[in-house]
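# Residue-level structure breakdown
Read off the chains here:
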Amino acid sequence: MEINLNDLVKMSRGFGQNPEYIIAGGGNSSFKTKEKVWVKASGSSMADIDEDGFVCLDREKMQVLSEKVYSKDSTLREQEVKQDLQNAILFPEGKRPSVEASMHEVIQYAFVMHTHPTLVNGVLCAQNSCSVIEELFGDNVVYVPYMDPGYVLFKAVVKALQEFKTRKGKEAQIIFLENHGVFVGADTKDEIDRIYADIESKLNAKIKACPSDKMSSENKNLLNSAELLAKGFNNESVFTVIDNSELVQSFIKDEEAFSVVSIPFTPDNIVYCKSKYLFVSDLDTIDTQIEAFKTANGYNPKVIAVEGKGLVCVEESVKSATIVMDVFKDMMKVCFLSESFGGPRPMTAEQIEFIDNWEVENYRRQVSKQSN
């Protein structure tokens, strides 16, 4: 049978080019036949993806992921799972499928679209997320409490899908993942679009609009990034982007305001921004504060909030620094939206540590940087 992946590419680009759904290398998509599944390659950007940005896997070989008993040691287990995913690859060589490929395989629809929408995560990262999802969608969706990404999350999703099918007599099309995002499955691209539009409509009716994330022209020179770099990074080869939009200002007016976004909300926050951020009230001592941060955490801060002035994001290139800024501002929006649903619920220390040390996410971070 001739396989046409045009709809998969169109669907992926459509969501990938919308920052309200996907930023940088986040999210993933797939298309499956009876024998094969095409899944986005890890770290690839969906905004400009083509057929070469997907990995094709043998669905029969992927069955081992559901049946096999893996090591109880989390590090060894994830290595074993990664190897079994590699063994299922048909083509191309040299690329990894998304770590969530196994979930794409078990969702029984031809097309699957997984995104991290700002609006959706405004609920999923809130204290009352479970009850709000139940109120808005009833028992027509699957809700999975936070699990470490990878095998543990996969097994939880499999169990939840089986329970849904037993209860409803059909396959679930919408799976909400706490502090993570949403999976949507359907047999056509158009139905995927329709379901996402319905989710967005239901949630928009429950929220108040975020402060503007556009930077006003008169505020662009509040911070001198050249001075900041020279003083704080000892002339290292790093680049900054600066923002002091209304959204940013609402979180950097003082240390208490910044504290609500000082802990990551989702795995992507950690992948692109790391898990620790620096708040600075006195620019005269920024060099010693950055040095103290680096000593305490083992890396330079990627995100620096300067009290009352602006947010500075630091990376190895302007494009990478812009991605850090985009992800962190999205985190601010998620935090703001969560106030409509009982207030923010950031990740726990244990959840953060797993992502910080997970080889799969470190790989995704590096691939994303290389594409910049």
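Residues numbered from 1 in each chain as written. Predicted model: local features only at pLDDT ≥ 70, side-chain atom pairs only at ≥ 80, totals over all residues. Heavy atoms only, no water.

### Some thoughts on the environment of Val238
As for its position among the elements, Val238 is in the loop between α10 (225-232) and β9 (239-243). Accessibility expressed as a relative area gives 16% for Val238, which makes it buried. Taking the C-alpha atoms as reference, Val238 lies 41 Å from Ile174; in sequence the two are 64 residues apart. (Helix = DSSP H or I, 4+ residues; strand = E, 2+ residues; numbered from the N terminus. Buried < 20%, exposed > 50% of the residue type's maximum accessible area, 1.4 Å probe, protein only.)

### Digging into the sheet that holds strand β7 (residues 174-177)
By definition, the strands of a sheet pair up through backbone hydrogen bonds, in either a parallel or an antiparallel sense. Taken in spatial order, the 8 strands of this open sheet run β4-β3-β2-β1-β5-β8-β7-β6, and their pairing is mixed. In this open sheet, the two strands that pair with only one neighbour each are β4 (89-91) and β6 (142-144). Between one strand and the next, the sheet's axes are offset by a mean angle of 20°, whatever the strand orientation. Bridge count for strand β5 (residues 111-115) against strand β8 (residues 181-186) is 5 bridges, and the pairing is antiparallel. Among the inter-strand pairings, Phe111 is bridged to a residue of β8, identified as Ala186. Its contacts with the sheet place helix α8 (residues 151-168) against β6 and β7, and it is angled at close to 150° to β6. (Pairing = 2+ DSSP bridges. Axes fitted to C-alpha atoms, helices over the stretch in contact; angles between N-to-C directions. Contact = heavy atoms within 4.5 Å.)

### Points about the sheet that holds β9
Here 4 strands make up an open sheet; going across it, the order is β9-β12-β11-β10 and the pairing mixed. If you trace the sheet from one side to the other, it starts and ends with β9 and β10 (278-280), each paired once. For this sheet the average axis-to-axis angle between neighbouring strands, irrespective of direction, equals 20°. Sheet topology places β10 next to strand β11 (residues 303-306); 3 bridges connect them, and they run parallel. Within β11, the residue paired with Phe279 across the bridge is Ala305. Lying over the sheet, helix α14 (residues 286-297) contacts β10 and β11, oriented at roughly 160° with respect to β10.

### Observations regarding the packing of aromatic side chains
Aromatic ring pairs are described here by two measures, namely the spacing of the ring centres and the angle between the planes. The final tally for this structure, using the stated rule, is 12 aromatic pairs. Ring geometry for Tyr21 and Tyr196: centres 5.5 Å apart, planes at 85°, overall edge-to-face. Of the two residues, Tyr21 is situated in the loop between α1 (6-16) and β1 (28-32) and Tyr196 in helix α9 (residues 189-204); the sequence distance between them amounts to 175 residues. Accessibility expressed as a relative area gives 11% for Tyr21, which makes it buried. Summarising the aromatic geometry, the rings of Phe258 and Phe328 are spaced 6.2 Å apart at their centres and angled 25° between planes, so their arrangement reads as stacked. In this pair, Phe258 sits in helix α12 (residues 255-259) while Phe328 sits in helix α15 (residues 318-338), placing the two residues 70 residues apart along the sequence. Accessibility classification places Phe258 together with Phe328 in one group, the buried group. Taken together through their ring pairs, the aromatic side chains of Phe258, Tyr277, Phe279 and Phe328 make up a single cluster. Stacked on the ring of Tyr299, the Lys or Arg Lys274 has its end atom at 4.7 Å from the ring centre. (Phe/Tyr/Trp six-rings, centres within 6.5 Å; stacked < 30°, edge-to-face > 60°. Lys NZ or Arg CZ within 6 Å of the ring centre and 35° of its normal.)

### Topic: helix α16 (residues 349-357)
What sets the pattern is the α-helix's 3.6 residues per turn: residues three or four places apart point alike. Within α16, burial applies to Gln351, Ile352, Phe354 and Ile355. Here the buried residues of α16 occupy an arc of 160° about the axis, which is enough to place them on one side. α16 presents Ala349, Glu350 and Asn357 as exposed residues on the side facing more than 90 degrees away from its buried surface. (Arc of directions from axis to C-beta.)

### Here we look at the pairing of strand β12 (residues 310-315)
Within β12, 6 of the 6 residues are buried, which leaves it mostly tucked inside the rest of the structure. Across the two faces of β12 the burial is the same, with Gly310, Val312 and Val314 and Leu311, Cys313 and Glu315 all buried. In this structure, β9 lies alongside β12, joined through 5 bridges in antiparallel fashion. Bridge pairing in β12 links Asp243 to Leu311. One ladder, built from 4 bridges, connects β11 with β12; its direction is antiparallel.

### Examining empty space enclosed by the protein
To find leftover empty space, one rolls a probe the size of a water molecule over the atoms. Under the defined criterion, the tally for this structure stands at 5 cavities of 30 Å³ or more. Within this model, the second largest cavity holds a volume of roughly 160 Å³. For the lining of the second largest cavity, the secondary structure elements donating two or more residues are α6 (118-124), α13 (267-273) and α15. Class assignment of the residues belonging to the lining of the second largest cavity gives a composition of 9 nonpolar, 7 polar and 3 charged. (1 Å grid on protein atoms, 1.4 Å probe; cavity = no way out; pocket = protein on both sides within 12 Å on 5 of 7 lines; lining within 4 Å. Points joined across faces, edges and corners; volume = space filled by probe spheres on them. Nonpolar A, V, L, I, M, F, W, Y, C, P; charged D, E, K, R; others polar.)

### Topic: the nonpolar core
With 39 residues, the main nonpolar core has Phe176, Ile192 and Ile199 as its most contacted residues. With 5 residues, the single largest contributor to this core is α9. Setting aside its immediate chain neighbours within four residues, Ile199 contacts Val120, Phe137, Ile174, Phe176 and Val184. Within the second largest apolar cluster, 33 residues are counted, among which are Ala41, Ile107, Ala156 and Leu177. (Core = buried A, V, L, I, M, F, W, Y, C linked by side-chain atoms within 4.5 Å.)

### Quick notes on the pairing of β8
Counting buried positions over the 6 residues of β8 gives 6, a clear majority of the element. Across the two faces of β8 the burial is the same, with Gly181, Phe183 and Gly185 and Val182, Val184 and Ala186 all buried. In this structure, β7 lies alongside β8, joined through 4 bridges in antiparallel fashion. Paired with Phe176 across the two strands is Val182, which belongs to β8. Counted between consecutive antiparallel strands, the loop separating β7 from β8 contains 3 residues, among which Asn179 sits at a positive phi close to 50°.

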